[in-house]
Structure formats: structure tokens, C-alpha cells
Amino acid sequence: MNVLIVSGIFPPDRGGPASYVPALAAALAARGHRVEVICLSDRMDHEDGRRRYLVRRIRRRLFWPCRVAFTVFTIWRAALRSDLVYVNGLGAESALAALFAGRRTVHKIVGDYAWERAVGRGWFRGTLEEYQAAAKSLALRVIDGIRTFPLLLAAQIIVPSRYLRRVVEGWDIAPEKVRVVYNATENAEPAPRESHPKPLPEWPGRTLVTVGRLVRWKNVDALIRLLPELPGTRLVVAGDGHLRAELEELARTTGVSGRVVFLGDVPHREVRSYFEQADAFVLNSSYEGLPHVVLEAMSAGVPVIATDAGGTGEVVEHEVTGLLIPVGKAAALQAAIERLWLDPSLGRQLAAEAASRLAVRFDFGAMVAATEAILLRASEHAPHPQPIPAEERR
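Here, residues in each chain are numbered from 1, in the same order as that chain's written sequence. Under the rules for a predicted model, residues below a pLDDT of 70 receive no local features and side-chain atom pairs below 80 are neither given nor counted, while totals for whole chains, interfaces and linings still include all residues. Each side-chain value is derived from all of the structure's non-hydrogen atoms; neither hydrogens nor water enter the calculation.

A.B. asks: What is the right way to read helix 6 (residues 138–153) from this model?
C.D. replies: An α-helical turn contains 3.6 residues, so any two residues separated by three or four positions project in the same direction. Along its 16 residues, helix 6 runs 23 Å from first to last C-alpha, staying within 8% of the 22 Å computed at 1.5 Å per residue. What is called the bend at a residue is the angle between a pair of axes, fitted to the seven residues leading up to and ending at it and to the seven starting from it. A run of DSSP states H or I qualifies as a helix once it reaches four residues; a run of E qualifies as a strand once it reaches two. Both are numbered from the N-terminal end. The largest bend in helix 6 comes to about 25°, at Arg147, with the proline Pro150 one to four residues further on. Listing the buried residues of helix 6 in full gives Leu140, Ile143, Asp144, Arg147, Thr148, Pro150 and Leu151. Summarising the contacts, the buried residues of helix 6 are in contact with helix 3 (91–101), strand 5 (104–108), helix 4 (113–120), helix 5 (128–133) and strand 6 (156–159). The span you would expect from a helix comes to 1.5 Å times its residue count less one. Throughout, exposure labels follow a simple rule: accessible area from a 1.4 Å probe, protein chains only, divided by the maximum for the residue type, with under 20% read as buried, over 50% as exposed, and the rest as partly exposed. Whether two residues are in contact is decided by their heavy atoms: any pair within 4.5 Å suffices.

Right, dumping it as C-alpha cells:
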């Protein structure tokens, strides 16, 4: 195949697609497919020539109408040289460009863009589940349309959990178009340069680590409020976001600022080191499609405590591969942490079982093969692509 992959984020950006897209692109290229990636970027001076596939970056900070128009044009032009478009972001722009080019699209959906946007702008304050059934204002109906219209045109839709399949089907999407392909942990493309993360400061007690964007639904504030009840425990926060100043102030007013370490924006290739320096990983989220960070924590051999949000229960089996607790229950979260502190052998047992199951259920090769099969089916009977310039062949 000639595959065009579109993503809103790409290394050095952080986030699920920024990990998934380069790993999948490299794996598909290794299987003999020609792969091109189009992405947004804050900077244009990256060493993308070392990759096994072509990368085209569009400057993220362009004036928004100009950026949208230029993005549609760039995707359209590349789509003419491709058999299909695999969309991991920029869904509306990709759908329009593919429609103009006469190419099929496959979309990967890892969450509800409309709900995230509504919560981020203060237009809605409920949970994702409440949003699906809520009466919508005009603004919410507009962002619902932006989210759903590209999927109505898609040949196939890939989701990383059964939970997200149910959500997407609730948007009046035909069930036969939605396929579950679980994420996997192996990075198919090595880091471009060596990385040496700093060791954490010495600490005589226990260390909890949490990783993710500092947004409301990650509920890092609840972890900070819990620390006074957990003497001898420190919290390491890897990630950044608009709530960081607020969380730092909360740690100060709660009297635990000396026990909270804010690492800020940590390169993905360094995260494993912080897992390995922790006694447990905790994900206190109220919204997850399928948390890739939990897979990474399990791969690193650290015991996992997570809330039963979204697709998390498809990764964490309670008291088998981790401790699964109800969303928003501080007492249950405290009890789970104290249980691991009092019984270190339980943590070792959970981590060992989680690592062994990863190789079976969340295997990287199996994920690539399943995705490749979906893309191949979607590309059948595609129009003959235009010739590829010699300087762009990989």
C-alpha cells in the first residue's frame, strides 16, 4: 500500500498519537508499505530524514483559517499519491481532503473530541457518559457535528477498547464500521538520540508516580489532597498542562509541597526511568479510552492502581494485574495505596502477572497486523495513485 497517515501531534509532541503514529509508521514501512505522515508541528527543524518514511510538517501556529486551508490542500495533494488516508487527528481536514481526492479513510478514535472541547471551554461540566445523553446547546451540536461528520464518511473506524466502541456507535455510526484493536507497548522505532533522565531526589519513604496531561479529568488534585493521610509518601507528577500552577498552589496550601515533585513535560523515552524509580503507579482519571500509560507502567514492572474509568478495566484486572478502584472514591484510593505499602509482595505479584499478560493481549506485532489488515481491506479498489517523485520515495 501507499499509506498516508495524518496526525495532529507527532514527536517531539507528547501524547498517545505522538507515540503510536511513529511506531506504527515504522512497522508498516518495515513490512514493505510506502508510508507518508502529515502532522502539525511547533517547529519545522527536525531530523525526520532518519526515519523510514516521509514526514511533512505543517506549522501549528499559522493563522487558523490559513492553517486549515493549507492543511486540507497538503493532505489532498498527498492523498492523490496514496491508496488511503489513515486519520489519527485533524479529522475534518482529512475527511474533506480525502473526499476531494477520491480516497477512502480509516479513522482511529481514542476519545470524544467534542466532550473534551466542551469541558475545556467550560461549556459542559459533566462526565463523558452524561455528555452523550445531554440536551445540547447550539455550540455543543456544532462540535458534535465536527466530531461525527468525518466518521460518517469513513470506510472503517479503529478504537482501542470495547468501551470506546460503544461510545462511537452511540454517535449513529454503523456498528460494522467500528473495529477494536488494542494498543500495545513496544516502541517500533528507537529514540533518535540518547537520553539520560535525572534520577529522582533521595527519599526515605514510598514513591507514587502519575503520568499525563494536567487536565481536570486526570484528578491529580485528589492525589495531592490525599497525601496528608499518607505520611512517608511522595507524589511524582510527570506531565504538564494549564492546571500546573493551580496544582502547585494546592500542594503548598495543603502543606505537602515538599512531598510533590513536578517534573513538567517529560520526553516519552524518559518516562520508563521514572516508572522504575517508583514503588507504584497511580492513574486517578475519570475518563480514559484505553490508557496507554497503564500499559507502559506494566511493561516497566511497577504495580498499578487505577480508577475503573472508560476502558481501563479492559487493561487492569482487579487483584490480578493491578488494583482497580471506583472513580472519585478517595477512601478506596487511600486503601489501595496503603495496601501496597503494607504488602510489598502483593505489588510484586501484580506487576509480574501484568507483565506476562502484556505479551499475550497487548502484543505490538499483533496490533500492527490487525491494523494492517484493516487498512488493506479499506484500500481495495482504490483509484490508481499518482506517480511519486523520486526524491520522496522511501
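Still to come is the rest of the account.
A.B. asks: Just to check I follow, could you spell out the sheet that holds strand 13 (residues 323–325) for this structure?
C.D. replies: The pairing of strands in a sheet happens through backbone hydrogen bonds and is either parallel or antiparallel. Paired strands, in this sense, are two strands between which DSSP finds at least two bridges. Here six strands make up an open sheet; going across it, the order is 10-9-8-11-12-13 and the pairing parallel. On the outer flanks of this sheet lie strand 10 (260–264) and strand 13, each paired with one strand and no other. Direction aside, neighbouring strands of the sheet carry axes that sit 20° apart on average. In this structure, strand 12 (residues 304–307) lies alongside strand 13, joined through three bridges in parallel fashion. Looking at the pairing, Ile305 lines up with Leu323 of strand 13. Interaxial angle, 0 to 180 degrees, is taken between N-to-C directions of lines fitted to C-alpha atoms, where a helix line uses only the stretch in contact. The sheet contacts of helix 11 (residues 292–299) involve strand 8 (206–211), strand 11 (280–283) and strand 12, and relative to strand 11 the element is tilted by about 170°. Sitting on the sheet, helix 12 (residues 330–342) is in contact with strand 8, strand 9 (233–238), strand 11, strand 12 and strand 13, with an inclination near 165° to strand 13.

A.B. asks: Where do I start with the state of the cysteines in this structure?
C.D. replies: Any covalent bond linking the sulfur atoms of two cysteines counts as a disulfide. Any pair of cysteine sulfurs within 2.5 Å is marked as a disulfide. Per the counting criterion, the structure on display carries zero disulfides. Just so you know, Cys39 is unpaired, no disulfide at all, and the nearest cysteine sulfur is the one on Cys66, 19 Å from it. Residue Cys39 is classed as buried on the basis of its relative accessible area of 0%.

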